[in-house]
Amino acid sequence: MPELPSPFVYWAQTETQVTLKVDLTDAKDPAVDLKETSLKFVANGQGARGPHSYAFSLDFHSAIDPEESSYKVVDRQVDFTLRKKSNDWWPRLTSRPQKPAWLKIDFDKWQSQDPDVDEDKAQGNGSEVGRDISKDYPYTYDKLHREELGYKRDFKKVYLVLYNLCQFVGFSYILAVMGIRYSRDGPDSMMGTYEAVGTAMKFVQLLQFLEVMHPLFGYTKGGFSTALFQVGGRAIILFCMIESEHRMQTKPVVFYVFLVWSTVEIVRYPYYLTQLFKTEFSFLTWLRYTIWMPLYPLGFLCEGIIVLRNIPYFEETNKFTVALPNEWNFAFHFPSAMRIYLLLLCLPGMYTMMSHMNRVRYQKLSKTNVKRKYD
């Protein structure tokens, strides 16, 4: 008698149970022989080879409790819930290291909580609903993942690598164009800086708003407010102060502020890339947390000059100013807001940002020194 083909079987586990999903549509008359250390299954249904009789057998890594285990037949599959005899994490499903080709890992189930959790707990009263089980046993999960797919699926890391690489290339392009123009035309090139690289700077600056969202989605550590303060401040300078006033676009201060921004970023993004790959370059770490010391004050100074020189322009044009009377009965004088920005945000903002960077610098460089001491 020819051997029956096996259906695809997807498995997942928690500390208390194993779940199996037999990929068999319209399964008829399943014959199930479930024991403490084995499972045998035979049924007719629609599988990978079309309408056919399918069968498989499994020898478990550890014992289960057949009395507390169950299965149910649904339209598109057969679901097994197997209760483990002892609460433990299995390094694999089968007793032998060799995994049959038809046995797959159900990665979606791996991320979910025990399905037997009751409804009250599911509402958030002290339960761990939503907990990522893959993080409880990361080494086992990664090992199984690589065995299954040949690589570790980490979309978050791929995204962050692409984002940081894109930003590094963007700011490097801006610096390269500015450098080439300056080497060719000298100080005369400063007047055309915004025309030459303004579009590229607007693009990378808009992308930086993603960094405000990264901490909210758990992609990066750190605070939301710090990223918003830095990115939002630059956006005001770039889009409100420079883009909106064509007379400011030809001023040499635009060259200097672009130079400071880009120099900071072509160090910051390579550092983030090395951190994603868990690689430490002492000089790059030192440079990342030291270069801001001369550049941040220069950046704040240039930004303050841009705001200050724009005040008479915006008083003349009344751009962004809302005057009474109007249907909203609301007035807003933009030059006054610019003066308040200089008074309240520029110097206090510089102090806040530099204090934050100084604390981070102390933490990062002290950790590096301790690590080097004990390596």
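The following refers to the structure shown. Given the structure is predicted, the values throughout are model-derived calculations rather than measurements.

Description of the sheet that holds strand 1 (residues 9–13)
The strand order across the open sheet built from five strands is 6-7-2-1-8, with neighbouring strands paired in mixed fashion. Two strands close off the open sheet at either side, each with one partner strand: strand 6 (64–73) and strand 8 (103–105). Along the sheet, successive strands turn relative to each other by an average axial angle of 25°, direction set aside. Of the pairings in the sheet, the one linking strand 1 to strand 2 (residues 17–22) comprises five bridges and is antiparallel in character. Opposite Tyr-10, over in strand 2, you have Lys-21 as the bridge partner.

Let's talk about the pairing of strand 4 (residues 38–47)
In this sheet, strand 4 lies alongside strand 3 (residues 25–34) in antiparallel orientation, the contact comprising six bridges. Considered in strand 4, the bridge of Ala-31 is made with Val-42. Between the antiparallel neighbours strand 3 and strand 4 lie three residues. Following strand 4, the chain reverses through two residues before pairing antiparallel with strand 5 (residues 50–59).

Some remarks on the sheet that holds strand 3
Read across the sheet, three strands follow the order 3-4-5 without closing on themselves; strand pairing throughout is antiparallel. Because the sheet does not close on itself, it has two edges, and the strands there are strand 3 and strand 5. For this sheet the average axis-to-axis angle between neighbouring strands, irrespective of direction, equals 15°.

Digging into the side chain of Lys-84
Within the secondary structure layout, Lys-84 lies in strand 7 (residues 78–84). At 2.7 Å, the side chain of Lys-84 and the backbone oxygen of Asp-88 are in polar contact. When sequence neighbours within four positions are dropped, the list of residues in contact with Lys-84 reads Gln-13, Thr-14, Glu-15, Thr-16, Gln-17, Val-18, Ala-63, Ile-64, Trp-89 and Trp-90.

A look at helix 6 (residues 193–207)
Helix length check: helix 6, at 15 residues, gives a terminal C-alpha distance of 21 Å against a target of 21 Å (1.5 Å per residue), a fit within 8%. Where helix 6 bends most, at Thr-199, the angle is about 35°. Among the residues making up helix 6, those that are buried are Thr-193, Tyr-194, Val-197, Gly-198, Ala-200, Met-201, Val-204 and Gln-205. Turning to helix 6, the residues buried within the fold contact helix 5 (155–185), helix 7 (209–213), helix 8 (224–243) and helix 9 (252–276).

Quick word on the packing of helix 5 against helix 6
Pairs of packed helices are described in terms of their axes, by the angle between the two and the distance that separates them. With their axes 10 Å apart at the nearest point, helix 5 and helix 6 run at an angle of 165° to one another. Judged by the inter-axis angle, helix 5 sits roughly antiparallel to helix 6. Helix 5 and helix 6 meet at a crossing whose hand is left-handed. Of the residues in helix 6, those in contact with Tyr-163, Cys-166, Gln-167, Gly-170, Phe-171, Tyr-173, Ile-174, Val-177, Met-178 and Arg-181 of helix 5 are Thr-193, Ala-196, Val-197, Ala-200, Met-201, Phe-203, Val-204 and Leu-207.

Observations concerning the nonpolar core
Within the largest apolar cluster, 33 residues are counted, with the highest numbers of intra-cluster contacts made by Ile-174, Met-201, Ile-237, Met-241, Ile-242, Phe-258 and Ile-306. Every element with two or more residues in this core is listed here: helix 5, helix 6, helix 8, helix 9, helix 11 (292–317) and helix 12 (334–374). Those residues in contact with Ile-242 that lie beyond four places of it in its chain are Tyr-194, Ile-237, Met-248, Gln-249, Val-254, Phe-258 and Ile-306. Listed in part, the 23 residues of the second largest apolar core include Ala-27, Val-78, Trp-102 and Ile-105.

Parameters at a glance
Residues numbered from 1 in each chain as written. Predicted model: local features only at pLDDT ≥ 70, side-chain atom pairs only at ≥ 80, totals over all residues. Heavy atoms only, no water. Pairing = 2+ DSSP bridges. Helix = DSSP H or I, 4+ residues; strand = E, 2+ residues; numbered from the N terminus. Axes fitted to C-alpha atoms, helices over the stretch in contact; angles between N-to-C directions. Polar contact = N/O pair within 3.5 Å; in protein donor to acceptor, adjacent residues only side chain to side chain. Contact = heavy atoms within 4.5 Å. Expected span 1.5 Å × (residues − 1). Bend = angle between axes of the 7 residues up to and from the residue. Buried < 20%, exposed > 50% of the residue type's maximum accessible area, 1.4 Å probe, protein only. Parallel < 35°, antiparallel > 145°, perpendicular 65-115°, else oblique. Left-handed = near helix turned anticlockwise from the far one by under 90°. Core = buried A, V, L, I, M, F, W, Y, C linked by side-chain atoms within 4.5 Å.

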